[in-house]
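Breakdown of the fold
Below are the chains, spelled out letter by letter.
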Amino acid sequence: MDMCMQFNNITHKELEGVSTNKTSKEIIKQVSELVTFIETPSVKKWHNRKNTLSATWWRTSVTEEIIEDINKVVSSIMKYSKVSSEATMITLPKSNTVGYNEDGKKVKRINPSRLSLEDSYVVYNARATNEYAHKELCIHMLNLYPNQAVKVYLQDKVFICNDDVYALNTFIQWLFRSRIRENKAIK
């Protein structure tokens, strides 16, 4: 809101007489204590890969070998976490969840063992819903960037759009669809 007001030259002042129950630092500490990161050998292998998981990468660089690796990564996470598909949420480009075989028949492209995409797929920009508030395991497989046309427009108006801040903001919005919104631990 503050950035939007700055962008539109709207002045404001602090609201007096209102206090929050916790400071931002306290909330960040509380939320971070609810998150457990899962690092299996197959997950660690992906840490070294550069320029992956962007929409362009998914569209142009994904091979059947990479699909197989992704299936292994997700399967290892599912096995390690011991969480059901019902309690899992995963995001990646929807177009990469299915493909077509030689006969032109639709087949699942991303098809890890122990995971049903029908039960667990959540679009990356899901907002304003409690539908996923029971989800305990969160797998985010999309490296997000702001729309280039919007970014250029904002830069023309002398407003710098930071790719990392944008990605973090979008990821946090997505993550808060899970049960962390109810102050429950997630993986």
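Read on for an overview of the structure. Please read these numbers as outputs of a predicted model, since none were measured by experiment.

Before going further, it helps to examine the layout of surface pockets. Rolled over the atoms, a probe as big as a water molecule pinpoints where empty space is left. As a volume, the largest pocket reaches approximately 1,200 Å³. In this structure, the largest pocket is lined by 34 residues; those nearest its centre are F37, C138, H140, M141 and F171. Looking at the lining of the largest pocket, the elements that each hand over two or more residues are α2 (24–32), α3 (41–47), α5 (64–81), β4 (137–140) and α8 (163–175). Residue composition of the lining of the largest pocket, by class: 24 nonpolar, 7 polar and 3 charged. The space that makes up the second largest pocket amounts to roughly 290 Å³.

This part covers the environment of E86. Note that E86 resides in the loop between α5 and β1 (88–91). Along the chain, E86 and N21 lie 65 residues apart, while their C-alpha atoms are 33 Å from each other. Those residues in contact with E86 that lie beyond four places of it in its chain are D119, H134 and K135.

Turning our attention to the pattern of salt bridges. Pairing between side chains of opposite charge can happen when the charged atoms of each approach one another. Taken as a whole, this structure holds 8 salt bridges when the rule is applied. Ionic pairing is found between E33 and K29, a salt bridge with its closest N-O pair at 2.4 Å. Between D69 and K45 there is a salt bridge, with its nearest N and O atoms 3.7 Å apart. Of this pair, D69 sits in helix α5 while K45 sits in helix α3, and the two are 24 residues apart along the sequence. Exposure remark for K45: the relative accessible area of 44% places this residue in the partly exposed category.

A separate point is the packing of aromatic side chains. Here the structure, examined in full by the defined rule, presents 3 aromatic pairs. Aromatic side chains W46 and W57 sit 6.0 Å apart centroid to centroid with 90° between the ring planes, which places their arrangement in the edge-to-face category. Taken together, the positions of W46 in helix α3 and W57 in helix α4 (residues 55–60) put the pair 11 residues apart, joining distant regions of the chain. Per residue, the accessibility class of W46 equals that of W57, and both read buried. When the ring of W57 is compared with that of W58, the centres are 5.2 Å apart and the planes differ by 80°; the resulting orientation is edge-to-face. Across the pair, exposure class does not vary: W57 and W58 are buried alike. An aromatic cluster is built from W46, W57 and W58, whose rings are joined through pairwise contacts. Stacked on the ring of Y121, the Lys or Arg K94 has its end atom at 4.3 Å from the ring centre.

What follows covers α8. The end-to-end C-alpha distance of α8 is 18 Å, a good match for the 18 Å that 13 residues give at a rise of 1.5 Å each. Contacts made by the buried residues of α8 are with β1 and β4. One side-chain oxygen at the N-terminal end of α8 lies 2.8 Å from the backbone nitrogen of D164; it belongs to N162.

In this fold, K135 is placed in the loop between α6 (117–120) and β4. In this structure, K135 is buried with no salt-bridge partner, the nearest side chain bearing the opposite charge being E86 at 5.3 Å. A distance of 2.9 Å separates the side chain of K135 from the backbone oxygen of E86, its partner in a polar contact. K135 has contacts with S85, E86, A87, T88, M89, D119, S120, S178, R179 and I186, leaving out every residue within four places of it along the chain.

Before going further, it helps to spend a moment on unusual backbone geometry. One non-glycine residue, N51, lies in the positive phi region at around 55°. At L53, a residue that is not glycine, the phi angle is positive and equals roughly 70°. Mapping L53 onto the fold places it in the loop between α3 and α4. Residue classification places L53 among the buried residues on the basis of a relative accessible area of 18%.

About the thresholds
- Residues numbered from 1 in each chain as written.
- Predicted model: local features only at pLDDT ≥ 70, side-chain atom pairs only at ≥ 80, totals over all residues.
- Heavy atoms only, no water.
- 1 Å grid on protein atoms, 1.4 Å probe; cavity = no way out; pocket = protein on both sides within 12 Å on 5 of 7 lines; lining within 4 Å.
- Points joined across faces, edges and corners; volume = space filled by probe spheres on them.
- Helix = DSSP H or I, 4+ residues; strand = E, 2+ residues; numbered from the N terminus.
- Nonpolar A, V, L, I, M, F, W, Y, C, P; charged D, E, K, R; others polar.
- Contact = heavy atoms within 4.5 Å.
- Salt bridge = Lys/Arg side-chain N within 4 Å of Asp/Glu carboxyl O.
- Buried < 20%, exposed > 50% of the residue type's maximum accessible area, 1.4 Å probe, protein only.
- Phe/Tyr/Trp six-rings, centres within 6.5 Å; stacked < 30°, edge-to-face > 60°.
- Lys NZ or Arg CZ within 6 Å of the ring centre and 35° of its normal.
- Expected span 1.5 Å × (residues − 1).
- Polar contact = N/O pair within 3.5 Å; in protein donor to acceptor, adjacent residues only side chain to side chain.
- Lys, Arg positive; Asp, Glu negative; His and termini not counted.

By themselves, these figures tell us nothing about what the structure is for.
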